Amino acid sequence: MAKRRIPVVVVAGFLGSGKTTLLNHLLATSSGARIGVVVNDFGSINIDAMLVAGQVDSMVSLGNGCLCCAVDSADLDVLLDRLAEPARRIDVIVVEASGLAEPAGVIRLILASDNRRISYGGLVEVVDGAEFDRARAAHPELDRDLRQADLVVLNKNDRLDEAERRRVLELVGRLSGGVPVVPTSHGRVDPALLFDREPRPAGGADDRQLSFDTLPEYHDGSADHAHHDGPCDHEPHLHSSYLSVAFSSDRPMDPGRFMDFLDGRPTGLYRAKGFVHFDAKGYRQKFTLHTVGSYLSFQRSRWSPDEPRETRLVLIGTGVDTGELRRALTNCLRGTEDPSEGREMFRVLRHTR
Ligand SMILES: Nc1nc2c(ncn2[C@@H]2O[C@H](COP(=O)(O)OP(=O)(O)OP(=O)(O)O)[C@@H](O)[C@H]2O)c(=O)[nH]1
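Notes on the structure follow. If you're wondering where the values come from, they're calculated on a predicted model, not measured in any experiment. (Residues numbered from 1 in each chain as written. Predicted model: local features only at pLDDT ≥ 70, side-chain atom pairs only at ≥ 80, totals over all residues. Heavy atoms only, no water.)

### What to know about the site of the ligand
Right, so step 1: Close to the ligand lie 22 residues; Lys19, Thr21, Asp158, His186 and Lys273 are nearest.
Right, so step 2: Out of a free accessible area of 650 Å², the ligand has 96% covered by protein chains.
Right, so step 3: The residue makeup of the shell around the ligand, split by class, is two nonpolar, 11 polar and nine charged.
Right, so step 4: Per-domain counts for the shell around the ligand show at least three residues from each of domain 1 (6–198) and domain 2 (238–349). (Near = heavy atom within 4 Å. Areas by Shrake-Rupley, 256 points an atom, 1.4 Å probe, with all protein chains shown as cover. Nonpolar A, V, L, I, M, F, W, Y, C, P; charged D, E, K, R; others polar. Domains from an automatic or database assignment.)

Here's what the structure looks like:
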């Protein structure tokens, strides 16, 4: 009997919708299944790779650009080849696309793969229920992504009241055209929904749910398109107007000044993520920061022993002055010999889970 190919499942969704959270949930709960992961960050610091918990069996990470245009199929093949090596005994590969990737572009790369051990396993589109209207108003093309999905995870239900939950569920259901929509919070979906998909016969074009013909026209990915801090200069798509700014420093962050910065962040700055080193008395832990639209949260954890005590942030937005952002962040730094007092942390702690 032909050996079943390893399904490659794409997890996509707009900036901050909860893809990494979903991935971590899958890794923590898919008892027995060995999962290989491709993580793609838009930004030159691989925050997502660092946020994916240690239980992953094999991971390759792609920073600094969008998978959909930062690599061509040969490059992705190298990554998939590595994950699909029989010795790794991987059961499923999950590709977490950057929040600005065009899912169709990522799917095309997988469909174009020469690797005979893998097959395209479907698109899971994660939707931030709380930010859906705003994201959609800015990016009507998100509707098209929903139509390409095999499963829609309607996330962040905890941030919606009952009436809103019903309205968004009905809207997303309508836009996605009949595919299952699973409402949830914190990406808590049953892994069987993703991994125990109907096995499709190995080989041939018909083990692919989507074909090039059914995908919208998409430019050829090329390594030339890899971009650093800055916009893509080729034909417009979702991330062409977005900029990412990477910021890192081993100097402690002043909690008050940093909260002033966050409270006054420009509206175009849709997403910020990373780790903050406050080094305040009594609060020397690592503070993981997430902002998504108006949402802001910190999570406190221990630094691992070999981890550098430093702030590493990626900020992603549109119409923002990157030089000004860097300057503003630099102004939040303190001298290494000048630790903050614990009481200065209260504004940070108000947002800390
Ligand atoms: N309240 C709430 N917060 C959530 C939920 N799911 C994720 N988050 C938070 O939303 C923020 C972004 O989540 P991520 O999983 O990093 O989102 P992402 O889609 O991987 O982000 P990008 O890769 O930057 O596009 C984090 O602070 C998460 O803890 C949810 O269901 N409810």
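From this point on, the discussion continues.
### Brief notes about the side chain of serine 176
Right, so step 1: Structurally, serine 176 can be placed in helix H8 (residues 162–176).
Right, so step 2: If we ignore the near neighbours within four places in the chain, the residues touching serine 176 are Leu146, Arg147, Val152 and Val181. (Helix = DSSP H or I, 4+ residues; strand = E, 2+ residues; numbered from the N terminus. Contact = heavy atoms within 4.5 Å.)

### So, the pattern of salt bridges
Right, so step 1: Following the criterion strictly, the structure yields 24 salt bridges and no others.
Right, so step 2: Between glutamate 310 and arginine 312 there is a salt bridge; the shortest N-O distance is 3.7 Å.
Right, so step 3: For arginine 312, a relative accessible area of 10% gives the class buried.
Right, so step 4: Salt-bridge contacts for arginine 334 lead to glutamate 344; the nearest nitrogen and oxygen are separated by 3.2 Å. With arginine 334 in the loop between helix H11 (322–330) and helix H12 (346–349) and glutamate 344 in the loop between H11 and H12, this pair connects stretches of sequence that are 10 residues apart.
Right, so step 5: Residue arginine 334 is classed as buried on the basis of its relative accessible area, which comes to 11%.
Right, so step 6: Sharing partners across several salt bridges, the network here consists of Asp254, Arg257, Arg334, Asp338 and Glu344. (Salt bridge = Lys/Arg side-chain N within 4 Å of Asp/Glu carboxyl O. Buried < 20%, exposed > 50% of the residue type's maximum accessible area, 1.4 Å probe, protein only.)

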